[in-house]
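# Examination of the molecular architecture
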Amino acid sequence: MVTDIRKIIESFKDRKGAIIPALQAVQEAQGYISPESLVTIEDVLGISRNEAYGVATFYSQFRFSKPGEHEVKVCLGTACHVKGGAAIMDIIEDDLGVKAGGTTPDGKFTLERVACMGCCAVAPVIVVDDEIHGKMAPGTAKEIVDRTVSKGVSE
Amino acid sequence: MTDFDVLKAEADKVWDDLQSTDGVVYLGTASCGIAAGIGEVKRETERWMAENGADLRLSEVGCIGTCCFEPLVSIQVHGNPPVAYGPVEGRTMGGLLDSIITHKRYPTEALLGSIGDAFGDVPSIWDHPVTATQKRIITENNGIIDPVELEHYISQGGFEGLKKALAMTPDEVIETVLESGLRGRGGAGFPSGRKWQMCRQNRTDKSYMVCNADEGDPGAFMDRSILEGDPYRLLEGLTTASYAIGADEAYIYARAEYPLAIKRLRIAIAKLEEVGFLGEDIMGSGFSLSIHIKEGAGAFVCGEETALLASIEGKRGMPRPRPPYPAQEGLWGKPTVINNVKSLASVPAIMRLGAEHFASIGSEGTKGTAVFALTGKVKYPGLVEVPMGTTIREIVEGIGGGVPDGGKLKAVQTGGPSGGCIPESMLDLPVDFESLQQAGAIMGSGGMVVMDEETCMVDVARYFISFTQYESCGKCPPCRIGTKKMKDILERICDGNGDPGDIEVLEEIGSTVRMGSLCQLGGTAPNPVLSTIKYFREEYEAHISDGRCPAAVCKPLVTYTIEPDECIGCTLCAKNCPVSCIAGAPKEAHVIDQHQCVKCGMCHSICPKDAVKKTSPGRKEVVE
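Residues numbered from 1 in each chain as written. Chains lettered and ligands numbered in written order. Predicted model: local features only at pLDDT ≥ 70, side-chain atom pairs only at ≥ 80, totals over all residues. Heavy atoms only, no water.

Next up on the list: the overall build of chain B. Tallying secondary structure elements over chain B gives 25 helices and 18 strands in all. For 624 residues, the compact-globule estimate of 2.2 N^0.38 gives 25 Å, and the C-alpha radius of gyration of chain B, at 26 Å, lies within 12% of that figure. With the principal axes as the frame, chain B shows a C-alpha extent of 85 × 65 × 40 Å. Each of the 624 residues in chain B was classed as buried or not, and the buried ones make up 60%. (Helix = DSSP H or I, 4+ residues; strand = E, 2+ residues; numbered from the N terminus. Rg over C-alpha atoms; globule rule 2.2 N^0.38 Å. Buried < 20%, exposed > 50% of the residue type's maximum accessible area, 1.4 Å probe, protein only.)

See the structure below:
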């Protein structure tokens, strides 16, 4: 694993403005930005840990703890908000027993809020493991999440 | 014949072959179509093909703009043009194919019309009220061609504009764009040709062209639709612009939330490099260009041009003072032009059809078309392209079909978190940069959210200010602290704890944030608050003095009750209540225990008889 991350970072050597793409590649590979990966970035790209961490924390895409196996995103963009996205967030928070931004204690689910998936015409929208579901209501959204929950348990 | 002519001849042949093929199913496969369930429709189509031994061609196209009818398919058979149907479902797809392909009959259910001329009993989709008054320039290919098939794009006149441009001098290209009157579609409306000219004049050894595809406004998806539905158009515009300003490197800064758009752009770039429309010596002109894609990492402020440049350079995306403008000192200190997706996507048509043609469309001060993402409480949400100067009423009521289910329109919000709310009484306002700005809203990049009587304007203001507060980069204290203060006050008001004088304080902070911020994130952040105060002050007052939310949206001020006469005792609400606070025997009226109710709205959304009422009685009545 450690060598893999190093290899990934090495592919960004001598590239202009490499830090963000490098962080994106690290997150893609291991799901989050670990303290070790920042050390490797310093080592390979010569960008100090401080600087890399400063850049990473500026952007909401990066996370610094291991995400759950499944990811549930609730869109709270304008159209979703107007069409009741907040009620859907409430019901899913309640259902999973975790607040937006958190991961369930068993490490199965991470719940995130997003500000627009660009599918406003079918608002409100939720995304479960990269699959977009449109025209949600609290009931249907809960059903979809529950389906994933039971799938997660049977795995 | 030149290389282009050879390619054009090949492309025309590919397109003609496709048009004359008996049995093509076009599937609307943009993100919105996927969200609506086109995957299931595709699987059912394939199953039907296997079952019936039919040899149909499946073509994945972008979004035609009528998102309201997703999932949408077009079926082409018997020498007729494709006929669009929507919304279709997986389970009805087999029946639809039976009728059309086996029985040569076009059912009327879910029929939208022919993508071409009307024939027999089938009307043309272009006569449908949703499309009839639209003018498709930027989105003309959307939903019609396969977005990654270069031949499709070329057959529709693609790259003829670039070919013309490369035969001109860069100054002539700039002159053409100046004459067309094209203004930046990102929100500010600066003349695009002027920007190019400034950059060209400042050119030293190197300059850069950047496409801003960081569509961060929640509620806007115009750029996504273009990138997903017609990526070559953007790339042609970007290449033309790069030639005009003398850049040999260009960047597309795209939102990471648009994976499909990024994927299609990558495929398109690779194909263009293959045929010599990108890379060294493009079309034999001696002009070379390489295009890089930079994925954004989730920071709204990066839509601001100097922040965007900082982000490409690998820094925190924080804006810096201008001047120097990017056209003087931009990416890595070199002159740089940053154009929005829609500005660049307008360029191929300007070059191909001429500046005059483009300038003949639109209003006095704003030429060309406006692309809006029409969403919210509207019957036909979707992507709308109309000539500049069209009234908001025409867009919302004519194209959008007004508020569904007899609801009453209250306001239209344009420009996202930077924009404002325009009340119903002002809907006859024409859309162009100046008139919207005068009304306290902005054109913005094109989000248009329709709000009805069930939308609380204070809640909308709170929503937008929470967004900008969260996204503020923190550089300028008025923006960093001011948006936080405004958010705190609005949250208090929405909770029913507003104080007299709050409105005035909001206005005061708002004007300070506006004046004291370096970039337009802060400069426009107060707009949603100030415009709702201006037009809907009574709603603020109802929250503050009566503890009442007139639209019954603000949770702490809302009560759910069951109307005993309307309740049929189906027990659905009781079964689904997450806190089990609804009591009642089957077939008898149910009652909600107000002390335990968490106001999640589940019962309200699930009741088959609409017997669950959502009201905001206000403070006085609660005491009684």
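Moving on, we get to the interface of chain B and chain A. Chain B puts 59 residues into the contact, and the matching count from chain A is 40 residues. Taken over both partners, the interface formed by chain B and chain A buries close to 3500 Å², and the fraction arising from carbon and sulfur atoms is 61%. Summed over the three residues of chain B that lose the most area to chain A, namely B:A297, B:R316 and B:Y463, the buried surface amounts to 16% of that side. The tally of links between chain B and chain A comes to one salt bridge. Here A:D90 and B:K555 are joined by a salt bridge, their closest N and O atoms 2.6 Å apart. On the surface where chain B and chain A come into contact, there are 19 residue pairs in polar contact (both at pLDDT 80 or more). (Contact = heavy atoms within 4.5 Å. Buried area = accessible area lost by both parts, 1.4 Å probe. Salt bridge = Lys/Arg side-chain N within 4 Å of Asp/Glu carboxyl O. Polar contact = N/O pair within 3.5 Å; in protein donor to acceptor, adjacent residues only side chain to side chain.)

Glancing now at helix α9 (residues 192–201) of chain B. All names here are of chain B. With seven of 10 residues buried, α9 is to be regarded as a mostly interior element. Taken residue by residue, α9 has S192, G193, K195, W196, M198, C199 and R200 as its buried positions. In this fold, the buried residues of α9 make contact with α8 (170–180), α11 (231–245), α13 (305–312), β9 (336–340) and α14 (341–353).

We now examine the side chain of B:S472. Among the structural elements, B:S472 can be located in the loop between α18 (457–471) and α19 (477–494). Those residues within four positions of B:S472 in sequence are excluded, and the remaining contacts are B:C479, B:R480 and B:L521.

Right, let's talk about the packing of aromatic side chains for a bit. Residues and elements named next belong to chain B. A full pass over the atoms with the stated rule returns 14 aromatic pairs over all chains. Between Y153 and F159 the ring centres are 5.4 Å apart and the planes differ by 90°, which places this aromatic pair in the edge-to-face class. For the pair Y153 and F159, one class covers both residues: buried. With centroids separated by 6.2 Å and ring planes inclined at 55°, the aromatic side chains of Y251 and W332 adopt a geometry described as tilted. With Y251 in strand β7 (residues 249–254) and W332 in the loop between α13 and β9, this residue pair connects regions lying 81 residues apart in the sequence. Overall, the relative accessible area of 5% leaves Y251 in the buried class. Here the aromatic residues F4, Y153, F159, Y232 and F277 are joined through ring pairs into a cluster of three or more. (Phe/Tyr/Trp six-rings, centres within 6.5 Å; stacked < 30°, edge-to-face > 60°.)

This part takes up the sheet that holds strand β3 (residues 73–76) of chain B. All names here are of chain B. The five strands lie next to each other as β2-β1-β3-β4-β5, forming an open sheet whose pairing is mixed. The open sheet terminates on both sides in strands that have one partner only, identified here as β2 (57–61) and β5 (111–114). This sheet shows a mean twist of 20° between the axes of neighbouring strands, independent of strand direction. With five bridges joining them, strand β1 (residues 24–28) and β2 adopt parallel strand pairing. The partner of V25 across the bridge, within β2, is L58. (Pairing = 2+ DSSP bridges. Axes fitted to C-alpha atoms, helices over the stretch in contact; angles between N-to-C directions.)

Residue and element names in this part refer to chain B. With respect to the helices and strands, the residue A585 is situated in the loop between β16 (582–583) and β17 (591–592). C-alpha separation for the pair A585 and G569, spaced 16 residues apart in sequence, amounts to 6.9 Å. Apart from residues no more than four positions distant in its own chain, A585 is found in contact with G569 and H590.

Let us now look at the sheet that holds strand β13 (residues 420–423) of chain B. All names here are of chain B. The five strands are arranged β11-β10-β14-β12-β13 in an open sheet whose pairing can be described as mixed. Edge positions in the sheet fall to β11 (382–387) and β13, since each of these pairs with one other strand and no more. The mean inter-strand angle of the sheet, taken between neighbouring strand axes irrespective of direction, is 30°. Inspection of the sheet shows strand β10 (residues 369–376) paired to strand β14 (residues 447–452) by four bridges, in the parallel sense. Bridged to L374 within β14 is M448.

What follows deals with the nonpolar core. If you look at the biggest cluster of nonpolar residues, it comprises 135 residues, and the most contacted ones within it are B:F159, B:W196, B:M209, B:I252, B:I291, B:I392 and B:M448. B:I291 has contacts with B:L235, B:L238, B:T239, B:A250, B:I252, B:I269 and B:L278, leaving out every residue within four places of it along the chain. Residues A:L23, A:L38, B:A299 and B:L331 belong to the second largest nonpolar core, which totals 41 residues. (Core = buried A, V, L, I, M, F, W, Y, C linked by side-chain atoms within 4.5 Å.)

Our next topic: the pairing of β9(B). Judged by how many residues are buried, β9(B) sits mostly within the fold: five of five residues are covered. Residue alternation in β9(B) divides its side chains into two sets, B:T336, B:I338 and B:N340 and B:V337 and B:N339, and both sets are buried.

Structurally, the position occupied by B:D610 is in the loop between α24 (602–606) and β18 (612–615). C-alpha of B:D610 to C-alpha of B:I562: the two residues are 48 residues apart in sequence and 9.0 Å apart in space.

On to the state of the cysteines. All names here are of chain B. Taken as a whole and judged by the stated rule, the model has zero disulfides over all chains. Left without a disulfide partner, C494 is nearest to the cysteine sulfur of C554, which lies 3.8 Å away. By relative accessible area, which is 5% here, C494 ends up buried. (Disulfide = S-S within 2.5 Å.)

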